[in-house]
Amino acid sequence: MAKRDYYEVLEVNRETDEKGLKSAFRKLAMKYHPDRNPDDADAETNFKEINEAYEVLKDAEKRAAYDRYGHAAFEQGGGGAGQRGGAGFSGFGDIFEEMFGDMMGGGGRGQSSGRGADLRYNMEISLEDAFNGKKATIEVPTSVNCGSCEGTGSEDGKPPSMCPSCNGRGKVRAQQGFFTIERTCPTCQGQGSVISDPCGVCGGSGRERKSKTLSVNVPAGVEDGTRIRLTGEGEAGMRGAQSGDLYIFLSVVQHRIFQREGANTFCNVPIPMTTAALGGEIEVPTVDGGRARIKIPEGTQGGNQFRLRSKGMSVMRSDARGDMFVQVSVETPVKLTGEQKDILRAFEAAGGGNAENHNPESQGFFSKVKDFFEDLTE
């Protein structure tokens, strides 16, 4: 049976560009893939046919030959379609690379980049450090370029040669029934090249384990969980390849006085019962190490909150500051002397303990309780 026109097979015209060809191929490959059409001989035939067509048209030279001579360009041992893996079917490894290689960072074909791994370092800082910012020195165990071979991996300085097992691809293939399985080349570990005389210190990897001392600039206003990235300070790459990055994750230690919500700080301050009743002034600390005075009005209740503007945390990359909120709790006196107790009893006898105008919150609460029970009896 005569072969169909390759453009017809892929459902495109002769003017379709490379991107259009790939899109059409992906769509049809997913449609007719044997895994999606088990025991369907027609689907298998179509799958092989579209793979054969794409193998030719994706190659500029083969496409030019096909446009000029048609299928005859690849007959008589012309080296085109049909020369690989039976009827042009190159196996699932190729199909997977064509369809998903771009999304996986283009790692389908060619040598492995050998880029070094990214590292993570956890750093604890105080709330004061988060407010002011700081410069810290850290020591990170990592892989660095080998000092003996200067990262080349070669003892004599000669460049690597092409791996004979994978011919520089970094991957090898094995046929298993209907599918072609692809895996990292065990000879070169995916590098695509090998070193004839490896460095005696690093064994040819081009790197060695050491601790590296780094200076870290923690900006003012950082929050718990902030991540700082140091580009190129991760593990060294294989044989001089690009190094990975170092990610520093900050954890702000809980403060003994202040709590933090974003750029605002909160603190709870106990005040004497007499100050709450008669009014007065208190002094509180601020996160910047200073002090602030707060005027307490007469009759202040426990739970009342006072706001100090621009006394909170620094805001990252800004001159602004958050606010500080001070919540007071009225402290009941303990270990009273006999004279003090007599004064309080006299105050209660004078109506201070029950008068509505003296205790508005308790009077309001018990009034609601009374109404509640009256509703139950109706």
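In the block above lies the structure referred to throughout.
None of the values given here were measured: they were computed from a predicted structure.

A.B. asks: Before we move on, can you summarise the pattern of salt bridges with the specific residues and values?
C.D. replies: For the structure shown, the criterion picks out 22 salt bridges. For Lys3, the salt bridge goes to Glu52, with nearest N and O atoms at 2.8 Å. Taken together, the residues span a long stretch of sequence, with Lys3 in the segment before helix H1 (6-9) and Glu52 in helix H3 (residues 41-57) at a distance of 49 residues. Measuring nitrogen to oxygen at the nearest pair gives 3.1 Å for the salt bridge that ties Asp342 to Arg345. Of the two residues, Asp342 and Arg345 are both situated in helix H8 (residues 338-352); the distance of three residues between them amounts to about one turn of the helix. Members of the salt-bridge network, linked through shared partners, are Arg115, Asp118, Arg229 and Asp245.

A.B. asks: Report on the packing of H3 against helix H4 (residues 60-69), specifying residues and quantitative values.
C.D. replies: Between H3 and H4, the shortest axis-to-axis distance is 6 Å and the interhelical angle comes to 105°. Comparing their axes, H4 and H3 come out roughly perpendicular. Here Glu55, Val56 and Leu57 of H3 come into contact with H4, specifically with Lys62, Arg63 and Tyr66. Of the residues that constitute the contact of H3 with H4, the class distribution is three nonpolar, no polar and three charged.

A.B. asks: Which residues make up the sheet that holds strand S15 (residues 324-331), and what values do they have?
C.D. replies: With mixed pairing, the four strands of this open sheet are ordered in space as S10-S11-S15-S14. Taken across any chain shown, the strands that pair with only one partner, and hence form the sheet edges, are strand S10 (259-261) and strand S14 (305-308). Here the strands of the sheet are splayed against their neighbours by 30° on average, with no regard to which way each runs. For S10 and strand S11 (residues 264-272), the ladder comprises three bridges, and the chain directions are antiparallel. Residue pairing across strands places Arg260 opposite Thr265, the latter belonging to S11.

A.B. asks: An account of a nonpolar patch on the surface is needed here, citing residue identities and associated values.
C.D. replies: A cluster of nonpolar side chains, Met273, Val330 and Leu344, forms an exposed patch at the surface whose accessible area comes to about 210 Å². For Leu344, the position within the fold is in helix H8.

A.B. asks: Please give an account of the pairing of strand S13 (residues 291-296) that cites residues and values.
C.D. replies: Along S13, the buried face is formed by Ala292, Ile294 and Ile296; none of Arg291, Arg293 and Lys295, which line the opposite face, is buried. With six bridges joining them, strand S12 (residues 280-285) and S13 adopt antiparallel strand pairing. Residue pairing for S13: Glu283 is matched across the bridge by Arg293. From the end of S12 to the start of S13, which pair antiparallel, there are five residues, and Gly289 there has a positive phi angle of about 95°.

A.B. asks: Break down the packing of aromatic side chains for me, citing the residues and quoting the values.
C.D. replies: Counted according to the given criterion, the structure contains four aromatic pairs. Here the aromatic rings of Phe25 and Tyr54 are separated by 4.3 Å at their centres, their planes lie at 10°, and the arrangement is stacked. Separated by 29 residues along the polypeptide, Phe25 in helix H2 (residues 18-32) and Tyr54 in helix H3 bring together distant segments of the chain. Taken as a pair, Phe25 and Tyr54 share a single burial class, namely buried. Connected via pairs of aromatic rings, a cluster forms that spans Tyr6, Tyr7 and Tyr66.

A.B. asks: So what's going on with the sheet that holds strand S1 (residues 119-125)? Which residues, and what values?
C.D. replies: One open sheet holds the three strands; their spatial order is S1-S9-S8, and the pairing between them is mixed. Of all strands in the sheet, those with a lone pairing partner are S1 and strand S8 (227-230), marking the two edges. If you compare each strand with its neighbour and ignore which way they point, the axes differ by 25° on average. Relative to strand S9 (residues 246-252), S8 is paired through four bridges, and the arrangement is antiparallel. Looking at S9, one finds that Arg227 is bridged to Phe249.

A.B. asks: Break down the nonpolar core for me, citing the residues and quoting the values.
C.D. replies: Met123, Ile248 and Val284 are the most contacted members of the largest nonpolar core, which has 36 residues in total. Broken down by element, this core gets its largest block of residues, four residues, from S9. With sequence-adjacent residues up to four places away left out, Val284 is seen in contact with Val269, Gly290, Arg291, Ala292, Ile294, Leu308, Met324 and Val326. One finds Leu21, Ala29, Ile50 and Ala53 within the second-largest nonpolar core, a separate group that totals 20 residues.

Scoring rules and cut-offs
- Residues numbered from 1 in each chain as written.
- Predicted model: local features only at pLDDT ≥ 70, side-chain atom pairs only at ≥ 80, totals over all residues.
- Heavy atoms only, no water.
- Salt bridge = Lys/Arg side-chain N within 4 Å of Asp/Glu carboxyl O.
- Helix = DSSP H or I, 4+ residues; strand = E, 2+ residues; numbered from the N terminus.
- Axes fitted to C-alpha atoms, helices over the stretch in contact; angles between N-to-C directions.
- Parallel < 35°, antiparallel > 145°, perpendicular 65-115°, else oblique.
- Contact = heavy atoms within 4.5 Å.
- Nonpolar A, V, L, I, M, F, W, Y, C, P; charged D, E, K, R; others polar.
- Pairing = 2+ DSSP bridges.
- Patch = residues over 30% accessible without salt bridge, like charges linked within 9 Å, V, L, I, M, F, W, Y side chains within 5 Å.
- Areas by Shrake-Rupley, 256 points an atom, 1.4 Å probe, with all protein chains shown as cover.
- Buried < 20%, exposed > 50% of the residue type's maximum accessible area, 1.4 Å probe, protein only.
- Phe/Tyr/Trp six-rings, centres within 6.5 Å; stacked < 30°, edge-to-face > 60°.
- Core = buried A, V, L, I, M, F, W, Y, C linked by side-chain atoms within 4.5 Å.

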